[in-house]
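Coordinate analysis (summary)
Spelled out from the first residue to the last, the chains are:
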Amino acid sequence: MTPLRIAINGRFLLQPVTGVQRYARELVGALDDLLQAQMGVAVEVYMPRMPAAVPRWKNIGLHVAGKLRGHAWEQFELPRLSAGQVLFCPGNTAPAASLLSRQKVVVCVHDLSYKYFPEAYSRAFRLLYGALIPLVLRRADAIVTVSESERLAITRHYPFAASRLVAIQNGGRGRPAEQAPAVPASIKGYVLYVGSLSKRKNFPGMLEAACRLVRRRGFSFVFVGAVSSSLTASAGTIPDDMKDHIRFAGQVDDPAELAGYYENAACFLFPSFYEASPLPPIEAMAFGCPVIASDIPSLRERCGAAAVYCDPGSIASIEQAVERVMDDASLRETLRLGGYRRSELFSWEACARRVLDVIRDVSAPAGGHL
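Residues numbered from 1 in each chain as written. Predicted model: local features only at pLDDT ≥ 70, side-chain atom pairs only at ≥ 80, totals over all residues. Heavy atoms only, no water.

Turning our attention to the overall build of the protein. A count of helices and strands for the protein gives 15 helices and 13 strands. Against the globule reference of 21 Å for 370 residues, the protein gives a C-alpha radius of gyration of 21 Å, in line with a compact fold. Considering only C-alpha atoms, the protein reaches an extent of 65 × 45 × 40 Å along its principal axes. Within the protein, the fraction of its 370 residues that count as buried is 54%. When the accessible surface of the protein is totalled, it reaches about 16,300 Å², and 53% of it is carbon and sulfur. (Helix = DSSP H or I, 4+ residues; strand = E, 2+ residues; numbered from the N terminus. Rg over C-alpha atoms; globule rule 2.2 N^0.38 Å. Buried < 20%, exposed > 50% of the residue type's maximum accessible area, 1.4 Å probe, protein only. Areas by Shrake-Rupley, 256 points an atom, 1.4 Å probe, with all protein chains shown as cover.)

What follows is the structure, given as structure tokens:
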């Protein structure tokens, strides 16, 4: 039997690690583990020649080649390097030449945030995505997205993609429930947020709610994540009387360090205006940290009944949700136990299996199935 040969676009290995890059790294790692039990599948990750610390895989090869960088490498060199294989692009974009050729292409389009929040992106970024994403949605043999709510949103904008669009939830990461430490009944722990500190994530609203709760209740807050350039000034203007209660930890990529923040928090706050399938709420649940989330479809889909919900557009609603969780030890315990159960529904292994199934279906002869 001819082996299924898969080429993975490895540009993500050279990019700052945000949600899209985390997805790609976790997915490829889980796929590497799956390949131990898979016969007739060969996977190679292709990346440009640039200095980078890359993961070590057991069953997936790494091919470093090309003279170009960034989007130029992806558009002009990756098609040649991946010729004759099914090309999987985990980070929204794909080479136009591959999409327009007979090569089989599968792309993960995480969301259309560049369309929903144009002010959060540069003009060059919007122009590039405005050209590439519609081409991907029209020409890719299959498109993966990360939630049912995002699949419906993409379909509303691009109905012609509906038949090739598959929703596969992201996995999660954290200590298994039976090993996770119990959250103490004390409410002396801080309120934690993990993610980029941007307007789309509702950072200004979170910060205002935090300031009010520091003054009124003496709560402490820790923000983990990079501050967007447009909001750097607001992050640096914390009043002196609050600086001991509001801490900015910056970007944290080390899993052990991040685990420490989750384990020592009293609760996790995630009042984002828009998400597709966010990783931090499920990670928080896996570490026994009670979750407060925005009442939006994607977070309802992701968190189910294991979270307390708030209106992201209302500072008062955010405050009330935090106070409700911090003041009620019984509720925190209910959320802690429910969060463990909820987090167990999401694994990178399951995500990788389903993505591999999509790639198999694309590569199968007409009327057949590999």
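That shown, we press on.
Another aspect to go through is the sheet that holds strand β1 (residues 4-9). Across the sheet, which stays open at both edges, the 7 strands sit in the order β3-β2-β1-β4-β5-β6-β7 with parallel pairing between neighbours. Looking along the sheet, the strands with just one partner apiece sit at the ends: β3 (61-64) and β7 (165-167). Ignoring which end each strand starts from, the neighbouring axes of this sheet average 25° apart. Judged from the 4 bridges that link them, strand β2 (residues 41-47) and β3 form a sheet pairing that is parallel. (Pairing = 2+ DSSP bridges. Axes fitted to C-alpha atoms, helices over the stretch in contact; angles between N-to-C directions.)

In this model, helix α15 (residues 348-363) (16 residues) spans 22 Å end to end at C-alpha, consistent with the 22 Å of a helix rising 1.5 Å per residue. Buried within α15 are the following residues: W348, C351, A352, V355, L356, V358, I359, R360 and V362. (Expected span 1.5 Å × (residues − 1).)

Our next topic: the packing of aromatic side chains. Counting across every chain of the model gives 16 aromatic pairs. Ring centres of Y193 and F270 lie 5.8 Å apart, and the angle between their planes is 20°; on these two criteria the pair is classed as stacked. Within this pair, whereas Y193 is found in strand β8 (residues 190-194), its partner F270 is found in strand β11 (residues 265-270), the two being separated by 77 residues in sequence. An aromatic cluster is defined as three or more aromatic residues linked by ring pairs; in this entry it consists of Y193, F203, F221, F223, F248, Y262, F268, F270 and F287. In this structure, R138 packs its charged tip against the face of F160, placed 3.9 Å from the ring centre. Against the face of F346 rests R302, its NZ or CZ located 4.6 Å from the ring centre. (Phe/Tyr/Trp six-rings, centres within 6.5 Å; stacked < 30°, edge-to-face > 60°. Lys NZ or Arg CZ within 6 Å of the ring centre and 35° of its normal.)

This next bit is on the side chain of S317. As for its placement among the helices and strands, S317 is situated in helix α13 (residues 315-327). Among the polar contacts listed, one links the side chain of S317 to the backbone nitrogen of D311, at a separation of 2.8 Å. Each residue touching S317, except ones within four places of it in the same chain, is listed here: C310 and D311. (Polar contact = N/O pair within 3.5 Å; in protein donor to acceptor, adjacent residues only side chain to side chain. Contact = heavy atoms within 4.5 Å.)

All of the buried residues along helix α10 (residues 255-263) are L258, A259, Y261 and Y262. Angularly, the buried residues of α10 cover 160° about the axis, an arc narrow enough to put them on a single face. Tucked inside the fold, the buried residues of α10 contact β8, β9 (221-224), β10 (246-250), β11 and α11 (280-286). (Arc of directions from axis to C-beta.)

All right, on to the nonpolar core then. In terms of nonpolar packing, the biggest core is built from 58 residues, with L192, F221, F223, I246, F268 and I292 touching the most fellow members. The biggest single contributor to this core is helix α8 (residues 203-217), with 8 residues. Ignoring anything within four residues of it in the chain, the contact list for L192 reads V222, V224, Y261, Y262, A265, C267, F268 and L269. Core analysis: the next-biggest nonpolar cluster, separate from the first, contains 37 residues, I6, M47, A276 and V355 among them. (Core = buried A, V, L, I, M, F, W, Y, C linked by side-chain atoms within 4.5 Å.)

Before going further, it helps to spend a moment on the sheet that holds strand β12 (residues 291-294). The strand order across the open sheet built from 6 strands is β10-β9-β8-β11-β12-β13, with neighbouring strands paired in parallel fashion. Each having just a single partner strand, β10 and β13 (307-310) make up the two edges of the open sheet. Averaged over all pairs of adjacent strands, the angle between their axes in this sheet comes to 25°, without regard to strand direction. Direction of pairing for β8 relative to β9: parallel, over a ladder of 4 bridges. Its bridge partner being in β9, Y193 is matched across the sheet by F223. Its contacts with the sheet place α10 against β8, β9, β10 and β11, and it is angled at close to 140° to β8. Packing of α13 onto the sheet brings it into contact with β8, β11, β12 and β13, and relative to β13 it is tilted by some 155°.

Just distances and angles here, no functional claims.
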